[in-house]
Amino acid sequence: MKLYKFIAIAFASAALAACSDITDLAPQGGTLLDKQVKETTAAIPSRADASFTGMYFKMSNPLSVGGLSSRPDNFGFAMIDFSTDLEAADMLVADSGYNWFSVCGDLSSRTANYANPYIRYAAPYATVANANAYIMTFDVEQAIADENTEILAKIAQAKAVRAYAYLMIAPYFQFNQTDADLSLPCIPLVNEFTEDFTNNPRATVQEVYDQIFSDLDFAIEYLEGYTRPDKAKIDQQVAYGLRARANLNMRKYAEALSDAQKAAEGYQPATIEELSKPAFYDINDHNWMWGYDQTVESASSYPFATPSSWVRSFSAFSYSAACQVYACCNSLLWNKIPETDVRKGWWVDENLQSPLLKGLAWPGFPDVANADDGGDSKTVFLPYTNVKFGCVTIATDVNEEDWPMMRVEEMILIQAECLARTGKDAEAVKVLNNFIKTYRDPEYDAAVGHCANLLDEIWFQRRVELWGEGFSNNDTRRLAKPLVRFHDGTNNYPTAFRFNMDARDGWWLMRFPQSELNTNLAVKDNVDGKSPVLDQMASLRDGVTD
C-alpha cells in the first residue's frame, strides 16, 4: 500500500486541485445519447440486452471517460452517497493528503472543473443515457397493446432507474423547501424525446419531478406481478419506495405514506442481534429491499474505487484503513445516542471501544481498533470511526461487499414522518416506538424522545439509522435546516471542515461541470453564496444536536 500512497498523494496534489482535464469532456446532459439510437425502428436483441445490463452496471461502476477510470474516488452512485454525506454534518473524514474527498469536507466541490462534482453529475446522466437507449429500442405503445409483459417489465425498470438517477442529482442543484421553489431552475432533463442537447435549459424543480413521477407511475403499473431474479433489480415494491422518496421531497406526505407502506410490505427490519456486529455488506439480508451486488469480478478491476475502500474500516486493500482516512461520526450526533441503543456501537468511542468489536481481531494483532502494521494495510482507528459497515472477512483484499440502496427501515421512518406531518402524532409515535423499541433500543420511548419535538426526533432517528447511506445532505435541505457541524466548543471535525451554514445559503447548491457549460449553451449556472470559512456561524443549531 505504501507505493499507492505515494502515487495517491502525487495525483491528489495535481488532480484534486485543478482537474483541468474535466473541462474538455463531453457534456453529460446529452451526448452519450447517440442520435442514431432514436432512429432505430426495430429491436436488436443483443443491443437491447446490452443497454439494459449497462443501465444497472453504470450505477455502481467507475466512469470510463477522460482518464477517470483509474481514480479511487470514482465508484458510481455509492460514491455520490458518500460525497453528499461528507458535505452534510454527520460524517467526516480526516483532512489529509490521502483524503480524495476533501473537496466535500470543505465544500470546494462547488468548482466547475473538479473531478468530484463532475463524477457526481456525469454518473447519473450516464445511467439516464443507458435507460433512454433501452426505452427507445421499443415501441412502448405497441408493447402495451400487445400486452408484452416481459418487455414492459424491463421498460418499467428502465424508467424507474431513470427516476432514481434524477433523484440523485435534482436535490443538489436547487432548493425545494417551499412551493415557491418549484418554479426555480433545477437541472436539464434528458429523455427519449430530447433532440437538442446543446440548447437544453434547466427544467424547473416541478418539471423534473413531473418526469420522475411519470416514470415511477409507469414502473409501478407495469411491474405488477413481476418477480425479479435478484435484489440488484427493481421490482414494484422498490418502485413504490422510490416514489415515496420523491413524494417526501415534494412535501406530498399522504402520498409518501401510502407508497412507503406498500413498499415495506413483507419486509422486517434487522434485529438487535443482527446489528450487534459489523453488518451492511450482504444484499441478501432480509431488511434490504434493493442494493448493488458487488462481485469479486466487479471489484477486481480497481478495488480502491469501491465503497469498501472508503466507507468500511475492515479492508486491507483500502484508503480508509491504510491511510487512516476512516469514515467517522460527528461526535455531536454520537453523543446524543443512548447507551441502550445498539446503534451506539456502530462507531467506536473516544477510546476506540465498541461492543461490535468483541472477539474480532486483525490478522497478526489482538484487536481490530488498535491494529497498526505501519500503514501497509492498517492503521489505528480514530475516535468515532464507523464499524457499522462490515466486510465479508476482516482484512479482506477483495472488496466484494455489497452496497444498500434501499432498506425497509427507511420506509418505516418515512411512514413515521408523514404521519406526524399530517397531524397523526399518536400514530407516528406508535410506528416509531414499534421500530426503535423492538429493533434498536428496548428502553426507547418516542413520547419522551431525544429532541424538543416529534419531527426533529424522527430526523434524529433518520440521521442515526441511515448514517453513511446518502440521505443526510438531502434531508438537511428538504427540511430547511442549517448545516451544523460544530457548536461553540470544538468537536472532532477537522479544522478545515469546521463551519456551519444557513439553510438557504447559495453555497449549498452544486455548480455545473465546465464541460456542460461549454457545450450546453442554454444552462445558466448557480452563482450565489460564497465559500465557508473556519468557525463561521457558530451559534447555529439544528434541533437535533443542540
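Just so you know, these numbers come straight off a predicted model, no measurement behind them.

Here the focus is the confidence of the model for the chain. Across the chain, the average pLDDT comes to 92, with 92% of residues at or above 70. Segment residues 8-21: pLDDT under 50, and 25 contacts once partners within four positions in sequence are set aside and those in other chains are kept. In this model residues 31-43 is a low-confidence stretch, pLDDT under 50, and it forms 25 contacts with partners more than four residues away in sequence or in other chains.

On to the packing of aromatic side chains. Ring pairs (aromatic) are described by centroid distance and by the angle formed between their planes. In total, this model carries 30 aromatic pairs according to the counting rule given. Both rings, one in Tyr 326 and one in Phe 381, keep their centres 5.0 Å apart while their planes meet at 80 degrees; by these two values the pair is edge-to-face. Taken as a pair, Tyr 326 in the loop between helix H14 (319-322) and strand S5 (328-329) and Phe 381 in the loop between helix H15 (331-334) and strand S6 (403-407) lie far apart in primary sequence, 55 residues in all. Across this residue pair, the class does not change: Tyr 326 and Phe 381 are buried. Grouping aromatic residues by their ring pairs yields a cluster made of Phe 75, Phe 82, Trp 100, Phe 101, Tyr 302, Phe 304, Trp 310, Phe 317 and Tyr 319. For the cation-ring pair, Lys 252 lies above Phe 213, with the distance from its terminal atom to the ring centre recorded as 4.5 Å.

Positive phi is not limited to glycine here, since Phe 280 has a value of about 60 degrees. Structurally, the position occupied by Phe 280 is in the loop between helix H11 (253-264) and strand S4 (288-292). By relative accessible area, which is 2% here, Phe 280 ends up buried. One non-glycine residue with positive phi stands out, namely Tyr 384, at about 70 degrees. Counting through the fold element by element, Tyr 384 comes out in the loop between H15 and S6. Residue classification places Tyr 384 among the buried residues on the basis of a relative accessible area of 10%.

A few words now on the packing of helix H6 (residues 115-136) against helix H8 (residues 149-167). Their axes nearest at 9 Å, the elements H6 and H8 cross at an angle of 160 degrees. If you check the angle between H6 and H8, you find them roughly antiparallel. Crossing geometry of H6 relative to H8 is assigned as left-handed. Packed against H6, whose contacting residues are Pro 124, Tyr 125, Thr 127, Val 128, Ala 131, Asn 132, Tyr 134 and Ile 135, the element H8 presents Ile 151, Lys 154, Ile 155, Ala 158, Lys 159, Val 161, Arg 162, Ala 165 and Tyr 166 at the interface. For the contact of H6 with H8, a count of residues per class yields 12 nonpolar, 2 polar and 3 charged.

Attention now moves to the nonpolar core. In a soluble, globular protein the nonpolar side chains are often hidden away together inside. Of all hydrophobic cores here, the largest spans 167 residues; its most connected members are Phe 82, Ile 187 and Phe 381. It is H8 that contributes the most residues to this core, 13 residues altogether. When residues no more than four places from it in sequence are discounted, the contact partners of Phe 82 are Phe 75, Met 91, Val 93, Phe 101, Trp 310, Val 311 and Ala 327. Leu 483, Phe 499, Met 501 and Leu 509 belong to the second largest nonpolar core, which has 9 residues in total.

A few words now on the environment of Glu 221. Mapping Glu 221 onto the fold places it in helix H9 (residues 205-222). C-alpha separation for the pair Glu 221 and Glu 516, spaced 295 residues apart in sequence, amounts to 34 Å.

Attention now goes to the packing of helix H16 (residues 408-421) against helix H17 (residues 425-439). Closest axis-to-axis distance for the H16/H17 pair is 7 Å, and the angle between their directions is 160 degrees. In terms of orientation, H16 lies roughly antiparallel with respect to H17. Between H16 and H17 lies a crossing of left-handed hand. Across the interface between the two elements, Glu 409, Ile 412, Leu 413, Ala 416, Leu 419 and Ala 420 from H16 touch Asp 425, Glu 427, Ala 428, Val 431, Leu 432 and Phe 435 from H17. Per-class residue counts for the contact of H16 with H17 are 9 nonpolar, no polar and 3 charged.

Parameters at a glance
Residues numbered from 1 in each chain as written. Predicted model: local features only at pLDDT ≥ 70, side-chain atom pairs only at ≥ 80, totals over all residues. Heavy atoms only, no water. pLDDT = per-residue confidence, 0-100. Contact = heavy atoms within 4.5 Å. Phe/Tyr/Trp six-rings, centres within 6.5 Å; stacked < 30°, edge-to-face > 60°. Helix = DSSP H or I, 4+ residues; strand = E, 2+ residues; numbered from the N terminus. Buried < 20%, exposed > 50% of the residue type's maximum accessible area, 1.4 Å probe, protein only. Lys NZ or Arg CZ within 6 Å of the ring centre and 35° of its normal. Axes fitted to C-alpha atoms, helices over the stretch in contact; angles between N-to-C directions. Parallel < 35°, antiparallel > 145°, perpendicular 65-115°, else oblique. Left-handed = near helix turned anticlockwise from the far one by under 90°. Nonpolar A, V, L, I, M, F, W, Y, C, P; charged D, E, K, R; others polar. Core = buried A, V, L, I, M, F, W, Y, C linked by side-chain atoms within 4.5 Å.

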